[in-house]
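Read off the chains here:
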Amino acid sequence: MSLRGKRIIVGLGGGIAAYKTLSLVRLLVKAGAQVRCVCTPAALQFVTPLSLSTLSGHAVYVDLFSPGNETGTEHVSYADWGELLVVAPATADLLGKFANGIADNALSTLFNAFDKPVLLAPAMNTRMYRHSATQENLRKLRDWGVEVMPAETGGLACGCDGEGRMAEPGQIFSRVESLFADSSRTGILKGKKILVTAGPTVESIDPVRYISNHSSGLMGCRIADELTRRGAEVHFVHGPMRFAPERTVYEDIPVSSAGQMFTESVSLWPDMDMAVLSAAVADYTPAEPSPEKIKKQEDGMVLRLVKTKDILQTLGQEKKKRQLLVGFALETRDELENAREKLRRKNADLIVLNSLRDQGAGFGCATNKVTFLAKDGTVRPMECKDKEAVASDLADCMERSYALL
Ligand code: CTP
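Presented here is an overview of the structure given in this document. (Residues numbered from 1 in each chain as written. Predicted model: local features only at pLDDT ≥ 70, side-chain atom pairs only at ≥ 80, totals over all residues. Heavy atoms only, no water.)

### Quick word on the site of the ligand
The immediate surroundings of the ligand are formed by 16 residues, with Leu 277, Ala 279, Phe 328, Lys 342 and Lys 346 found nearest. In the model, a nitrogen atom of the ligand is placed 3.0 Å from a nitrogen or oxygen of the Ile 311 main chain. In the model, an oxygen atom of the ligand is placed 2.8 Å from a nitrogen or oxygen of the Phe 328 main chain. Protein contacts shield 77% of the accessible area of the ligand, which totals 570 Å² for the unbound molecule. Elements represented by at least two residues in the shell around the ligand include exactly α11 (311-318) and β16 (324-331). Of the residues contributing to the shell around the ligand, the split by class is nine nonpolar, two polar and five charged. (Near = heavy atom within 4 Å. Polar contact = N/O pair within 3.5 Å; in protein donor to acceptor, adjacent residues only side chain to side chain. Areas by Shrake-Rupley, 256 points an atom, 1.4 Å probe, with all protein chains shown as cover. Helix = DSSP H or I, 4+ residues; strand = E, 2+ residues; numbered from the N terminus. Nonpolar A, V, L, I, M, F, W, Y, C, P; charged D, E, K, R; others polar.)

As structure tokens, this is what we get:
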């Protein structure tokens, strides 16, 4: 996506990561964007207005009440001018101000007056980042539609190693590009009701033991986040997992067993426009779970399992016109062939194939390498990407497939 001529405001908070923002401004200007910089007074402890004005080619806006301001309403004229506001570094203080409507400096006032996309790149000490106040502010901002680049883990200015490093300028630049690409998208997912299943299921053997699998549910969370970001109403049915979506989904339905996931999914389906079944559902469950703890036996024991009901197949059978059904296929051999067969047998419209043989794919991994197989025969092998980017590719594919229904 070309940034030529795009009007981007870069806001800087007072953190040491502000030095990296100079490179971001350089990258944006090099890509042809028009850039204006806005600083908090604290940011000027770390970078100078001269560096920013030299790189951006424009004076820097810092003081709400400077006599040099032409009209005294610079924050409004900046808000009218900019197409995107990028705040890097977004300090704990700025996040608190943004999330609570406090407008007491040039940047926080501009945020209040800005009604177009905003991208935040937080940077702070690990404890400050993990603090409930910061996390609560971030959740609130995300729910308002603000884009947040999660802070990274690594060496921090305080000398410790941990979460809280600002994303690298190159990554922020790529996100800016994809945000502009987003705005040229079809918007097909807006307002659509989408069932997303995620995580493992847990099949009880007795009150103490269970059968489950290694699914972390992270991919499903990223999918729920991306679909919510695009304006869909996500009904999130998930097994027990340590991850949760970063955005507030429309409806959160925690379940435990394959049977419960089946019941919830089947009852939602007639009302849905689409379903993405990313859960790792147990194929078998104990035939007679014991109400009491099973006592140890002398020579081993045999556990009789019965097949669970296949959610994807059932939704496929009950699918109506204008309903889009997306399944996953986790394969270890004859990947494409098996995935094609699954697409047909389960009457899905799209299959997301992962191979456990691929580097960077698998349980709990931050990345995934997938291939999309559509009903019309299209096969799209993708690069290994972080799960956020995979979710965005999937949402693009869903938009394309839905348009063809
Ligand atoms: N799935 C489901 N209900 C089940 C089992 C699987 O909805 N009881 C869904 C999964 O959520 C996934 C897809 O079916 O979207 C494929 O899952 P996978 O385990 O790869 O396929 P299976 O049908 O179980 O086939 P096999 O294990 O033989 O490869």
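### Side note on the sheet that holds β16
The mixed open sheet is built from eight strands, whose spatial order is β12-β11-β8-β13-β16-β17-β19-β20. Here the strands that pair on one side only, and so sit at the sheet edges, are β12 (251-254) and β20 (379-381). Pairwise comparison of adjacent strand axes, ignoring direction, gives a mean angle of 15° for this sheet. In this sheet, β20 lies alongside strand β19 (residues 370-374) in antiparallel orientation, the contact comprising three bridges. When the sheet's bridge partners are listed, Leu 373 is paired in β20 with Val 379. Packed onto the sheet, helix α10 (residues 258-268) meets β8 (193-198), β11 (233-238) and β12 and runs at close to 160° relative to β11. (Pairing = 2+ DSSP bridges. Axes fitted to C-alpha atoms, helices over the stretch in contact; angles between N-to-C directions. Contact = heavy atoms within 4.5 Å.)

### Overview of unusual backbone geometry
Here the amide bond leading from Ala 88 into Pro 89 is cis, since omega sits at -5°, within 30 degrees of zero. With respect to the helices and strands, Pro 89 occurs in strand β3 (residues 84-90). With a phi angle near 65°, Arg 322 is a residue other than glycine that sits in the positive phi range. On the basis of relative accessible area, Arg 322 is assigned to the partly exposed category, the value being 43%. Unusually for a residue other than glycine, Asp 334 sits at a positive phi of about 45°. (Buried < 20%, exposed > 50% of the residue type's maximum accessible area, 1.4 Å probe, protein only.)

### Structural notes on the packing of helix α9 (residues 218-229) against helix α13 (residues 387-404)
Helix-helix packing is described using two parameters, namely the angle between the two axes and the distance between the axes. Across the interface, α9 lies against α13 with an axial gap of 8 Å and an inter-helix angle of 55°. Taken together, α9 and α13 sit at an angle that is classed as oblique. The handedness of the crossing between α9 and α13 comes out as right-handed. Residues Leu 218, Met 219, Arg 222, Ile 223, Glu 226 and Leu 227 of α9 form the contact with α13, whose own contacting residues are Lys 387, Glu 388, Val 390, Ala 391, Ser 392, Leu 394, Ala 395 and Met 398. (Parallel < 35°, antiparallel > 145°, perpendicular 65-115°, else oblique. Left-handed = near helix turned anticlockwise from the far one by under 90°.)

### A word on the side chain of Lys 97
Along the chain, Lys 97 turns up in helix α4 (residues 92-100). The exposure class of Lys 97 is buried, given its relative accessible area of 12%.

### As for the sheet that holds strand β5 (residues 147-148)
Strand order in the open sheet formed by five strands is β2-β1-β3-β4-β5, and the pairing between neighbours is parallel. Two strands in the sheet have a free side with no partner beyond their single neighbour: β2 (34-39) and β5. With four bridges connecting them, strand β1 (residues 7-12) and β3 associate as parallel partners. Bridged to Ile 8 within β3 is Leu 84. Across the face of the sheet, helix α3 (residues 74-81) comes into contact with β1 and β2 while running at roughly 145° to β2.

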